[in-house]
Amino acid sequence: MADYRHHGQGHHFLMVTIAAQGQINPARHLARRLAGIAVARVTLATPLSSHRRLFPGSLAAAGEPDDAAEEAPLNLDGSGVVAYAPYSDGFDDGIHLDAVDGGLFLESLKSHGSRTLAALVHNLAVRGRPVTCVLHTILVTWATDVVRDLGIPTVHYWIQPASVFAIHYHYFKGHQSFSSVTAEEKDSSYSIELPGLPPLRMKDLPSSISVPNPYLYSYNEIFIELAKYEKPKVLVNTFYQLEASVIDETTELELITIGPVVDKRFVYATEGSRDLFEEDSGDYIEWLDAQEERSVVYVAFGSLTRLTGRQIEELDLGLKESGRPYLWVLRKDSRPEEVGVERILKEGKGKVVEWCSQVRVLDHKAVGCFVTHGGWNSTSEAILSGMPMVMLPQWIDQATNARLAEAVWGIAVRAEAGDDGIVDAVELRRGLDVVMGEGDRAREIRNKAKEWKEKARAALAEDGSSSRNLKAFVNGL
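Residues numbered from 1 in each chain as written. Predicted model: local features only at pLDDT ≥ 70, side-chain atom pairs only at ≥ 80, totals over all residues. Heavy atoms only, no water.

1. Focus on the sheet that holds strand β5 (residues 154–158)
Hydrogen bonding along the main chain pairs the strands of a sheet, whether they run parallel or antiparallel.
Link 1 in the chain: Strand order in the open sheet formed by seven strands is β3-β2-β1-β4-β5-β8-β9, and the pairing between neighbours is parallel. Across the chains shown, the open sheet's two edge strands, defined by having one partner strand only, are β3 (81–87) and β9 (254–257). If you compare each strand with its neighbour and ignore which way they point, the axes differ by 25 degrees on average.
Link 2 in the chain: Across four bridges, strand β1 (residues 12–16) lies against strand β4 (residues 133–136) in parallel orientation. Bridge pairing in β4 places Leu 14 opposite Val 134.
Link 3 in the chain: Across the sheet, helix α20 (residues 465–475) lies against β1, β4, β5, β8 (233–236) and β9, angled at about 125 degrees from β9, the strand it touches most. (Pairing = 2+ DSSP bridges. Helix = DSSP H or I, 4+ residues; strand = E, 2+ residues; numbered from the N terminus. Axes fitted to C-alpha atoms, helices over the stretch in contact; angles between N-to-C directions. Contact = heavy atoms within 4.5 Å.)

2. Here we look at the packing of helix α13 (residues 309–322) against helix α18 (residues 425–436)
The packing of two helices is summarised by the inter-axis angle and the distance between the axes.
Link 1 in the chain: Two elements in contact, α13 and α18, have axes whose closest approach is 8 Å; the angle formed by their N-to-C orientations is 45 degrees. Classed by the angle they form, the pair α13 and α18 counts as oblique. Regarding α13 and α18, the two cross each other, and that crossing is right-handed. Together, Glu 314, Leu 315, Leu 317, Gly 318, Leu 319, Glu 321 and Ser 322 of α13 and Ala 425, Leu 428, Arg 429 and Leu 432 of α18 make up the contact between the two elements.
Link 2 in the chain: A breakdown of the residues in the contact of α13 with α18 according to their chemical character gives six nonpolar, two polar and three charged. (Parallel < 35°, antiparallel > 145°, perpendicular 65-115°, else oblique. Left-handed = near helix turned anticlockwise from the far one by under 90°. Nonpolar A, V, L, I, M, F, W, Y, C, P; charged D, E, K, R; others polar.)

In structure tokens form, the structure reads like this:
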């Protein structure tokens, strides 16, 4: 019989996320920090398809611990271990979220996930490693129901900025700024005023709210679950100084800032990315080494964005007309089949790769600007590297991130899309000139980026606010 009780042998955190690089990265980075700070064991549970891509030789079935998928202990005494284990989301051979109906995906994720995650919790207990706390990311709030009757506490790990959390919180609470918006205003420049946030246009809102989609209910489930507790704790991948105003205004919940959760030490100590995508050979670093300081434009749109052929053509033209060298991450599965790398590389000063170590690139002295979709992982990594950005938001939280980065933090320029949704070459060049030029605004953006870099690193220092918050969270369990 499985023993789910905690016998004082140290914490065993189970962190549950979906098969998306944008969720796995912050989960994995937090897992390492927790394992080190709490002298704990952390098991990162991802769907079977992603587990197999992370560990190609794995033979583990969904719901089974995988002893072959463990990282080396973080502490000299053998403690501080990050392990990996698979559960099933019903798509064990993998699926791109664009290729499946959102409602079907969420239904499958919950039904298959609940059953196989319960099996994993049971099997861990049978092996003498009972779970003492479950952390879960967006879309997997159902994990709380899996362990509720076992008396295992659960905590939501919000992997987007606190501002996006607050927007959803006020939306589901029926804030008057949302309830009074007419259909006509939704298509205009109407501003929404929320506590602790700058004025937000409809186009600045997360796509879960601004565009009808089946994922909105999954966001609502987060707040339905949190409402069951008095002043619930939420771990947030940000740091207090960056979003102090909105955190201070969200008093009904305890937002625990523990970010930016980027484990640079592991990135630099590890050969290969151990991501869902295979990293190109290291010659892109050698290519960067040969470029002038702060001359290169780094272009990357994350793991989920699929650009149209027209958008790629405009980016290609804008980069070439800028006259600047560029490193462009453009995977085969993120572009139409008819768009070949050979045509993109013709003329210009560019290098195209399938995947790379983004942290290493952003830290490289040759890189002077990051053209990005503005996902929170990419934005956080840019902040931590002091890298100015030109932002082309696509969906999810990206429009809000771009608004904050430009209007509040002063570290970016948002490239505006036309009525057809395309950012043209002229607009891209405008953004590059603003960020990489020698004008007053360019210097101001670069100075702000340096300032936020120092503040972010201070928050992550041993006595910094984020480190203290994480230690206090562990001690309070």
